[in-house]
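Observations on the model geometry
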Amino acid sequence: MILVKSLAGKPWVWSFLGALLVWLATIAFTGGYGAGGMVTAALSLAVFTVIVGVGQMFVITLGPGNVDLSLPANIGLASAVAMKVMAGSDSMIVVGLLAALACGAAIGAVNYLLIWALRIPPIIATLSASFIIQSIDISYGRGLQIKPPPGFADFTNWQILGVPVLALLTVLFTIGAAIALQRMIYGRSVLAIGQNIRAAWLAGVNVGRIRFLTYTLSGALGGIDGALLAGYFRGANVDIGNEYLLASIAVVVIGGTSVAGGKANVPGVWGAALFLVLLLTMLNTFGVSAGVRLLLTGLIIVGVITAAGGEKAVR
Amino acid sequence: DTSGKKIAFSNNYAGNSWRQAMLDSYGIVTKKAVADKIVGAADIFTTADKEVPTQAAQVQNLILQGYDAIVINAASPDALNGAIKQACDAGIVVVSFDGTVTEPCAYRVVVDFKDMGKQEVEQMAKFQPKGGNLLEIRGLAGTSIDDAIHAGILEGVAAHPEFKIVGSVTGDWDQTTAQKAVATILPSLPDVVGIVDQGGDGYGAAQAFAAAGKPRPTIIMGNRQDELKWWKEQKDKDGYKTWSASIAPGVSSLAFWVAQQVLDGRKDIPHDLLVPYLAFTQDDFEAALPKIKEGGVATHEYTQEDALAAIKANIK
Amino acid sequence: MSGAEKNFRAANVDIIRLDGAEKHFGAVRALGGVDFHVGPGECVGLVGHNGAGKSTLMHMVAGTLAPDSGKIGVHGGIEDNYSVSRAQKLGIRCVFQELSLCPNLSVAENTRINHASLSGLGWRRRAATLITAKLDEIFPDHGISAWDIVGDLSIGRRQMVEVARAFTVTQDRLDLVILDEPTSSLDAHTAGQLLAFVRRFVAAGKSCILISHVLGEVLRNADRIVVMRDGKVVVADAANAFDRDRLVTAMGGAEAHRGTMTETAKAEAGPLRVRARPARQADGKELVARAGEIIGLAGLAGHGQTDLLLAIFAAAQRIRPGIEVTAPVALVAGDRQSDGIFPQWSIAENIGIRSLARLRNGLLISPQREAELAAFWQQKIGIRTPDMNNNIFSLSGGNQQKALFARALGSDAEIVLMDDPMRGVDIGTKLEVYDLVREEARNGRTFLWYTTETEELDNCDHIYVFKNGRIVANLTRDELTEEKIIQSSFGDAA
Amino acid sequence: MTAASLDTTAKTSAERGALARARLLRGLLPALSLALVLAAIAWLNPRAISYFGFSLMLNLAIPIALATIAQMFVIAGNELDLSIGTFVGFVGCVTATWLKDAPLIGVAILLGSIGIYALLGALIHLRNLPSIVVTLGMSFVWQGLAILVLPKPGGKAPDWLLATMSFKPPFIPFPIIAALLIGLVVHFGLMRTSYGVILRGSGGNPAALKRAGWSLLRTKIVLFALAGLFGVLSGMALIGITTSADANIGNGYTLLAIAGVILGGGEFVGGRVSPIGAVIGALTLALAASPLLTFMHIPPDWQVAANGAILIIVLAARVLISRKER
Ligand SMILES: Nc1ncnc2c1ncn2[C@@H]1O[C@H](COP(=O)(O)OP(=O)(O)OP(=O)(O)O)[C@@H](O)[C@H]1O
Ligand SMILES: Nc1ncnc2c1ncn2[C@@H]1O[C@H](COP(=O)(O)OP(=O)(O)OP(=O)(O)O)[C@@H](O)[C@H]1O
Ligand SMILES: [Mg+2]
Ligand SMILES: [Mg+2]
């Protein structure tokens, strides 16, 4: 009972609860058929949302107005960079991953440069940057699908007892992110800036450096995600990151991170990502038309967040 | 004489291999036409993200720029009508293709998408004579092309009662989205014998089946290089059979020639020109494969003569 | 006379009467059965240590908080559904401790918020006239325009606007104005203007509740003084029955020890810590602070003192022309809402943020060390809370300020900048903090202390008086007198 | 950024005068950006600076301006609406179908959708929900409904709407008149009326408003209902121009509207918004995104990039001024 109570206080519980309910509804519909497969599929697909979601979470936590809208374009470009560098050869996998990481980090750094040097609001800075990145991607990748090396493709599909290895690695990564958030100077500083940037500055937080690091981190995670996506979906592609514009924001906020800044939540990102994939699974399984599918997606999201309720206001 | 005429190309998206091939074909043909002094200028204008209002604004700006003709791949068949009408009223020739427009004053280079959908089931019947369950992958919801292909598929299934569509997902003509959608429905899907789709999503579906360790069904393909290559690999392995169809990106060049001909004063060109979609069968796809760029799409560019022949075929 | 009868008779004349008001916030008992009343034409002074429950009580009078139990009566009638709008109708207004203006709106627009009747054609002009007239009446040389955006005003001016707004009258009656620490951000001059106005207001038959930690203000201006302690009223008596010592004793402060002047000014020594010239300083005057010194920044509020502190703070991170800083700095914010508090965090986290690097164990921040730091300072400056892991907003205003002190003093900073840091701090705590500051200074820390309370300057070794963004006088402690400061503050700039 | 909330405390009246000037300058920035874009257009294509040119270049800016105003109301209350784009699309679909074929039902649906917006405001306030999630969910709802109303593109705008949107007044092009009208009406309503003060105050300091006895539930409902109203107007205006509808027609408006508000000098928190700025921001975006780009003749690969670059340049020009003001 006490456990239930203390759990109910955690904002991330609701996203997991939502995921569970949606999953139960689906297997009730299929009569239990495919229950395990669904979880496997959900885990493999949620990974990609979780990785960018964590980056977006740190950015959003920096306070109102902070958001990285360049992630989709970033993912697209990084996927092309990774595939071109790997050039279908297994020996170049690590180099390709590093190239994607560097490409993403560079994009993040440029984003912050625009925000800082030109004082452009982050939402517009990252949006503008994303247009430019798209163009670079189109002229660099020519919209062609470049295939990953077989070893890398197999790695992204590798499962142990039905659990995708990539998901396990991502769980480790998110545990690291959670520790960084709550127990490292970096995370504390992000939280402080998100609550009150001026007070953070006056409390000795190096505001400029932390914001720079955060945008760069978000960019770098987008880069890695691009490479992994290209592996899993068997090819780089300009559009490969498109859905992560909304999805990366959605998992952050559904997962219980405060959009007002200063309050973040890592487990919630996982819960929300699983919830979104399982929701798609459920609606695809029910076989409803696109219109009804979208309608139900929306209503269920609103329903879950309403059930979860908002945070209690302080004083 | 059209040597002083300026033709603009209004495009709303450039981010996938089909659109890149479309732009390539158009570029190749028009560069030559400009060099040969057949037309004065042929400029390309691209907007982002398939946005209707942005493209409408673009058309209006092209009117202001004083172009004589606009070739357009429209983001919406109806919602651009206002802008297209304004262009016509300003005396500009408008030729649409792929994403065609319904405004009567414009020309349409049309592919019979409904027939393509129907053919998919017809072909499927050849490979799976016993019939069985089908999975349908649909395109971008709310668009006319998706609607037409889907209608054709339904018609085909009606004519072949041995088939039953047991699942339908939305793939947005995008490999990533398609693969994701198929992956989520697969665990709960009964065994299927075939997949009918809209092109560009066959490879993603194949990957999803492989990842889930499910037996490979007959997947109708969409003329992309990776799809044909996968087909060949499967064929070499165990004689796998399928069929592939899609609109050829090079239709853009045909649309260009239509515009040029209308500017040249031809009055006999019908406003609706039907051109065949590009299909590959078990017999001819291997010959086409080497000609397609790695990661690209099968295409066909129209020379002026091809175009004249195609126009002629449409004059009854 | 039975109790009930007595109540009834009193209720007939009282503007407001609370009987047995109780309020709990979770485990905290903020009020434990308080009886409180205000009669017409009297100024009631309300004093008590930080967290005694003064503001909570006032929230009940103003209708913004409902008591858990207890009765509220206004003008003799029992109020069952008492609310803000009801209070407003009955002529009760409140200037809250935490400022309640909308920073995005102009002064006139903020006035409109409190008057439902300011609507229809020409309301903007009427609102502007209303507030300007009241400002003119209370603070004759206020220099505030009705069209100024409140966010652009200094905290002192905001407080002036809010006070003036509470006294404006349109259609509703006005009988009682609650002033919860109205002078905390005002300098001595403006505070004097306000208190003079309050006396006129009361003389005209209206009533006022005055909360202040500057006991002199209460002693001089209140007719009756109510002393609170730990959520209870401990003494209530006519003002002239109190003196400073009796008040302090009643509040529960140990004794009013004043050890300030005993030390002699220390001999010139110590390495240079800060050398700073204000940006607008034309002549060669500059502020110099050495290790172990307490430097006072005086003058009227908002004449460049905070700016100089911020400039010094910024210079510690990145070199700036005209400012030399030789050691790490920390700042104690006075405007705690916008400069100090992290609202999502616990008290302990709020204290620890300046010392994260030292709280680490390897790469990770050690929760244990963080708790130790918090516990140490809770004990050292007496932060009143059952649990340092509670949210910072569960503290009363003065206790929040103590947490900010703990943040700076608990850090590794050799130089501590204090931006009028005693706003809202009770007298007992102040004395403790004075001692603490002097003790830290003896250990070599340097303090730069901007204050609007002249008494506090007694603690300083050197005082720089500011006017219009410039240093106009440099006094040693021996030269320091109230007149000197006022003279420099108002006299022509050198 | 929150930079503007970092108000350094003002001191003397001279300094406050400087602050007031800075604020004025900041208020003029959006107009300056617009002038910059117009100057570039005039230089690239003088023909565009004409009655006909403005009619063509700006008519699609009207629905953007209306959507921006809708978003501005939501932002004024410290919330964000991620569904405005798909809502505009939904309204468009209803306009091109029900409103033409069965006007009464059409009007009822549109009024009902404004009601849903108002309800969302209430829900967000009562349950203290993050608006960004609720409206994200709603963006799927509206898009789903749009597809259900109009499974494939088509429909037709009612004739009266077509006539309104193609109205050709003498001398001044219709879009300019419409933009002025929208800007001034909303400016009056939000910045000048006495209830407008309460609405903005609810974003500036909700606690203060509550202490003064105002209902925050009501302000939130009003702000969201106004957003719904202007969303409806935007969808109708859009269909009046395009003549027929498409379920995906409004999707891009969500980001455009947010960008318009910010470009117009609004801030995400604190109730600092400017209706006239928002309209100017919308016009600037509309002009920079399309005419300017079209007239520049950029190689196709880089046209999308140029779109971003123009945005950056327009905003960076403001820095020169903002820097001085610091
Ligand atoms: N003079 C100031 N007054 C108020 N706030 C300030 C001031 N200077 C800096 N800040 C705050 O700090 C933020 C970042 O400032 P800045 O870029 O100078 O950071 P920094 O910590 O000096 O970083 P770095 O030295 O690594 O570049 C500003 O947006 C502002 O919030
Ligand atoms: N919202 C709240 N949540 C929890 N505790 C609260 C809250 N508000 C007040 N308290 C507690 O109630 C007690 C009384 O607080 P109150 O603000 O009335 O004190 P005060 O006498 O006004 O002090 P100060 O002089 O510091 O302003 C304090 O212990 C405080 O911590
Ligand atoms: Mg108090
Ligand atoms: Mg610095």
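Our subject is the structure that appears above.
This text gives an overview of the structure that appears in the document. Note on numbering: residues in each chain are counted from 1, in written sequence order. Throughout, the order in which chains and ligands are written sets their labels, letters from A for the former and numbers from 1 for the latter. The model is predicted, so local features are restricted to residues of pLDDT at least 70 and side-chain atom pairs to those at 80 or more, both for listing and for counting; the totals for chains, interfaces and linings are taken over all residues. To get the side-chain values, take all heavy atoms of the structure and skip hydrogens and water.

**Some details on the overall build of chain B**
A run of DSSP states H or I qualifies as a helix once it reaches four residues; a run of E qualifies as a strand once it reaches two. Both are numbered from the N-terminal end. Per the secondary structure count, chain B includes 11 helices and 12 strands. Restricting the calculation to C-alpha atoms gives the radius of gyration, and the globule rule supplies 2.2 Å times the number of residues raised to the power 0.38. Here the C-alpha atoms of chain B give a radius of gyration of 20 Å, agreeing with the 20 Å that 2.2 N^0.38 yields for 316 residues. We call a residue buried when its accessible area falls under 20% of the maximum for its residue type, exposed when it is over 50%, and partly exposed in between, using a 1.4 Å probe and counting protein chains only. Every one of the 316 residues in chain B was classed for burial, and the buried ones make up 64%. Long-range pairs, those at least 24 residues apart, make up 73% of the contacts in chain B between residues at least 6 apart in sequence. Neither His nor the chain termini are counted; the positive set is Lys and Arg, and the negative set is Asp and Glu. Taken as the charge location is NZ of Lys, CZ of Arg, CG of Asp or CD of Glu. Within chain B, the 40 negative side-chain charges are centred at a point lying 2 Å from the centre of the 30 positive side-chain charges. Here a residue-residue contact requires only that any non-hydrogen atoms of the pair lie within 4.5 Å.

**Comments concerning the overall build of chain D**
Broken down by element type, chain D carries 16 helices and 0 strands. The principal-axis extents of the C-alpha atoms in chain D amount to approximately 65 × 55 × 40 Å. Counting contacts in chain D only where the partners sit at least 6 residues apart, residues at least 24 apart contribute 77% of the total. Residue exposure ignores everything except the shown protein chains as possible cover, and the areas themselves are Shrake-Rupley values with a 1.4 Å probe. Of the roughly 11,400 Å² that chain D leaves accessible, carbon and sulfur atoms contribute 73%. For chain D, the distance from the average position of its 22 positive side-chain charges to the average position of its 10 negative side-chain charges is 9 Å.

**A look at unusual backbone geometry**
Residue and element names in this part refer to chain B. Phi angles above zero are rare outside glycine, and Asp-172 is one such case at about 55°. Mapping Asp-172 onto the fold places it in the loop between β7 (163-170) and α6 (175-185). Given the relative accessible area of 27%, Asp-172 is considered partly exposed. Even without a glycine there, the phi angle at Asn-223 is positive, about 70°. Along the chain, Asn-223 falls in the loop between β9 (218-219) and α8 (225-238).

**Remarks on the sheet that holds strand β11 (residues 272-276) of chain C**
What holds strands together in a sheet is hydrogen bonding between their backbones, with the strands either parallel or antiparallel. All names here are of chain C. Taken in spatial order, the 3 strands make up an open sheet running β12-β11-β14, and their pairing is antiparallel. The open sheet is flanked by β12 (287-290) and β14 (323-325), the only strands paired with a single partner. Averaged over all adjacent pairs, the angle separating strand axes in this sheet is 10°, with direction ignored. Taken together, the 3 bridges between β11 and β14 define a ladder with antiparallel strand orientation. Counted as the bridge partner of Val-274 is Val-325 from β14. Between N-to-C directions, angles span 0 to 180 degrees; the directions come from axes that are lines fitted to C-alpha atoms, helices contributing only their stretch in contact. Against the sheet, helix α10 (residues 305-317) touches β11, β12 and β14, its axis set at about 60° to β14. One requirement defines pairing of two strands: DSSP has to find at least two bridges between them.

**Details of the packing of aromatic side chains**
Pairing of aromatic side chains here covers Phe, Tyr and the six-membered ring of Trp, requires ring centres within 6.5 Å, and sorts the geometry by plane angle: under 30 degrees stacked, over 60 edge-to-face, intermediate tilted. Counting across every chain of the model gives 31 aromatic pairs over all chains. Between B:Tyr26 and B:Phe256 the ring centres are 5.8 Å apart and the planes differ by 85°, which places this aromatic pair in the edge-to-face class. Of this pair, B:Tyr26 sits in helix α1 (residues 17-35) while B:Phe256 sits in helix α9 (residues 251-263), and the two are 230 residues apart along the sequence. With centroids separated by 5.6 Å and ring planes inclined at 40°, the aromatic side chains of D:Phe73 and D:Phe230 adopt a geometry described as tilted. Residue D:Phe73 is located in helix α3 (residues 61-76), and its partner D:Phe230 is located in helix α12 (residues 216-242); the two are separated by 157 residues in the primary sequence. Residues D:Phe73 and D:Phe230 agree in their burial class; the two are buried. What links up through ring pairs into an aromatic cluster is the set B:Phe9, B:Tyr26, B:Phe97, B:Phe256 and B:Trp257. Cation over ring: C:Lys23 sits above C:Phe25, and NZ or CZ is 5.8 Å from the ring centre. By the criterion adopted, a ring carries a charge over it if an Arg CZ or a Lys NZ lies within 6 Å of its centre and within 35 degrees of its normal. Just above the ring of C:Phe242 sits the side chain of C:Arg246; from NZ or CZ to the centre is 4.2 Å.

**Regarding the arrangement of the chains**
The chain pair with the greatest number of contacts, out of 5 pairs of chains in contact, is formed by chains A and D. Taking C-alpha atoms only, the smallest gap left between chain B and chain C, which are not in contact, amounts to 35 Å.

**So, the environment of B:Asn12**
All names here are of chain B. Looking at the element boundaries, Asn-12 is found in the loop between β1 (6-11) and α1. In sequence terms Asn-12 and Asp-264 are 252 residues apart; their C-alpha atoms lie 27 Å from each other. Ignoring any residue separated from it by four or fewer positions in sequence, one finds Asn-12 in contact with Arg-19, Thr-47, Ala-48, Asp-49, Lys-50, Gln-55, Asn-73, Ala-74 and Ala-75. In terms of polar contacts, Asn-12 uses its side chain to reach the side chain of Arg-19, at 3.0 Å. N or O atoms closer than or at 3.5 Å make up a polar contact, with two conditions inside protein: a donor-capable atom paired with an acceptor-capable one, and, for residues adjacent in sequence, both atoms drawn from side chains.

**Examining the coordination of the magnesium ion (ligand 3)**
All names here are of chain C. Coordinating N, O and S atoms are those within 2.8 Å of the metal (3.2 Å for Na, K and Ca), and as water is not part of the atoms, a site may appear to have fewer donors than expected. The coordination sphere of the magnesium ion (ligand 3), as far as protein atoms go, consists of Ser-55 (OG) and Gln-97 (OE1), spread over 1.9 to 2.1 Å. Here the residue Ser-55 occupies a position in helix α2 (residues 54-62), and Gln-97 occupies one in the loop between β6 (92-95) and α4 (107-113), the gap between them amounting to 42 residues. Among the residues examined, Gln-97 registers a relative accessible area of 16% and is labelled buried.

**Quick notes on helix α4 (residues 84-96) of chain D**
Helix length check: α4(D) (13 residues) gives 18 Å between terminal C-alpha atoms against 18 Å at 1.5 Å per residue, within 8%. Of all 13 residues that make up α4(D), 13 are buried, and the element is covered over most of its length. Here the expected span of a helix is defined as 1.5 Å times the quantity of residues minus one.

**Notes on the interface of chain B and chain D**
Taken residue by residue, the interface counts 35 residues in chain B and 34 residues in chain D. Salt bridge, as applied in this entry: a Lys or Arg side-chain nitrogen positioned within 4 Å of an Asp or Glu carboxyl oxygen. In this assembly, chain B and chain D are joined by 1 salt bridge. Put simply, chain B and chain D have 10 residue pairs in polar contact (both at pLDDT 80 or more) between them. Where the side of chain B that touches chain D is concerned, the elements lending two or more residues are β2 (41-46), α2 (52-65), α3 (81-89) and α5 (144-159) of chain B. Considering every element that reaches the side of chain B that touches chain D, the biggest residue donor is α2(B), with 12 residues.

**Things to note about the pattern of salt bridges**
Side chains that carry opposite charge are capable of pairing whenever their charged atoms lie near each other. Counted according to the given criterion, the structure contains 39 salt bridges over all chains. A salt bridge links B:Asp268 to B:Arg266; its shortest N-O distance comes to 3.1 Å. Taking relative accessible area as the criterion, B:Asp268 reaches 41% and is therefore assigned partly exposed. For C:Asp14, the salt bridge is made with C:Arg17, and the minimal N-O distance between the two is 3.0 Å.

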